[in-house]
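Residue-level structure breakdown
Take a look at the letters that make up each chain.
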Amino acid sequence: MSGELPPLVGIVMGSRSDWETMQHAAAKLDALGVPHEVRVVSAHRTPDVLFEYAATAKSRGLRAIIAGAGGAAHLPGMLASKTAVPVLGVPVQSKALNGMDSLLSIVQMPAGIPVATFAIGNAGAANAALFAAALLANDQPAIGEALDAFRTRQTNDVLANDDPRK
Ligand code: RP5
């Protein structure tokens, strides 16, 4: 849904290789009608872009930043250090350590600069998007209604398929 309305959520990731995971955040925001943008912003390879992105996030109207990174995953914490916009961190599943490195890099922020940290991988990306939508729902009724409808559908799907042998 990028392009039409000004984005309310920024999805950023340390590398194009993170898109396989982070597309799950974009898909959820699309499904809920949340305007968003998607960028590759690397803490290590493009630090100046990271600073610029964080410095302008609030004035551009972003209300949340979903940041995915793997390995030595500094991106969410560095963004959070440079903007007051809430940062939702998604640990990408790394090849060497299965994402434990990403998780610990993101979750173990010292007191003072918070990053809301989600599960490793696809579930974390999807849940970060649902969480961002829940934040926005406070003053965007259409997003709240979309979120309620999603939950109702999810519940009904489980209830309609409650015998795992079928
Ligand atoms: C991190 O390094 C990225 O977030 C990615 O998860 C990881 C590997 O990046 P590539 O080598 O695939 O570009 O900065």
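Residues numbered from 1 in each chain as written. Predicted model: local features only at pLDDT ≥ 70, side-chain atom pairs only at ≥ 80, totals over all residues.

Under an unreviewed UniProt entry, the name given to the protein chain is N5-carboxyaminoimidazole ribonucleotide mutase, and the source organism is Lysobacter arvi. According to the UniProt record, the Function (unreviewed entry) comment for the protein chain is "Catalyzes the conversion of N5-carboxyaminoimidazole ribonucleotide (N5-CAIR) to 4-carboxy-5-aminoimidazole ribonucleotide (CAIR)." (UniProt positions renumbered as here; feature names shortened; annotations may be inferred.)

For the ligand, the full set of nearby residues is Met-13, Gly-14, Ser-15, Ser-17, Asp-18, Ser-42, His-44, Ala-69, Gly-70, Gly-71 and Val-92. Of the residues in the shell around the ligand, the class split is three nonpolar, seven polar and one charged. (Near = placed C-beta within 6 Å. Nonpolar A, V, L, I, M, F, W, Y, C, P; charged D, E, K, R; others polar.)

Strand pairing in a sheet relies on backbone hydrogen bonds, with the paired strands running either antiparallel or parallel. Sheet architecture is open: five strands sit in the order β2-β1-β3-β4-β5, paired in parallel fashion. The open sheet is flanked by β2 (36-40) and β5 (116-117), the only strands paired with a single partner. The pairing of strand β1 (residues 9-13) with β2 spans five bridges and is classified as parallel. Within β2, the residue paired with Ile-11 across the bridge is Val-38. (Pairing = 2+ DSSP bridges. Helix = DSSP H or I, 4+ residues; strand = E, 2+ residues; numbered from the N terminus.)

Here the focus is the nonpolar core. Core analysis: the largest hydrophobic core is formed by 47 residues, its most contacted members being Ala-25, Ile-65, Ile-66, Leu-75 and Ala-132. Here this core gets seven residues from one element, more than from any other, and that element is helix α5 (residues 122-137). Apart from the residues within four sequence positions on either side, Ile-65 is in contact with Gly-10, Val-12, Ala-57, Leu-79, Val-85, Val-87 and Leu-88. (Core = buried A, V, L, I, M, F, W, Y, C linked by C-beta atoms within 7 Å. Buried ≥ 20, exposed ≤ 12 C-beta atoms within 10 Å, placed from the backbone. Contact = placed C-beta atoms within 7 Å.)

Taking the numbering used here, the UniProt-annotated feature "binding site: substrate" (unreviewed entry) corresponds to Ser-15, Asp-18 and Arg-45. Spanning 31 residues, the named residues form one tight spatial group whose C-alpha atoms are at most 14.4 Å apart. Position of Ser-15 among the secondary structure elements: in the loop between β1 and α1 (19-32). Leaving out residues up to four positions away in the same chain, Ser-15 has contacts with Val-40 and Ser-42. Assessed through the 11 C-beta atoms surrounding it within 10 Å, Arg-45 is described here as exposed.

A word on unusual backbone geometry. The backbone phi angle of Asn-98 is positive, close to 60°, even though this residue is not glycine. Relative to the assigned elements, Asn-98 resides in the loop between β4 (87-91) and α4 (100-107).

Along strand β3 (residues 64-69), six of the six residues are buried, which leaves the element largely enclosed by surrounding structure. On β3, burial covers both faces: Ala-64, Ile-66 and Gly-68 on one face and Ile-65, Ala-67 and Ala-69 on the other are all buried. In the sheet, β1 pairs with β3 via five bridges, with the strands oriented parallel. Bridging from a neighbouring strand, Val-12 pairs with Ala-67 of β3. Relative to β4, β3 runs parallel, the two being bridged by five bridges. Directly across from Ile-66, in β4, lies its bridge partner Leu-88.

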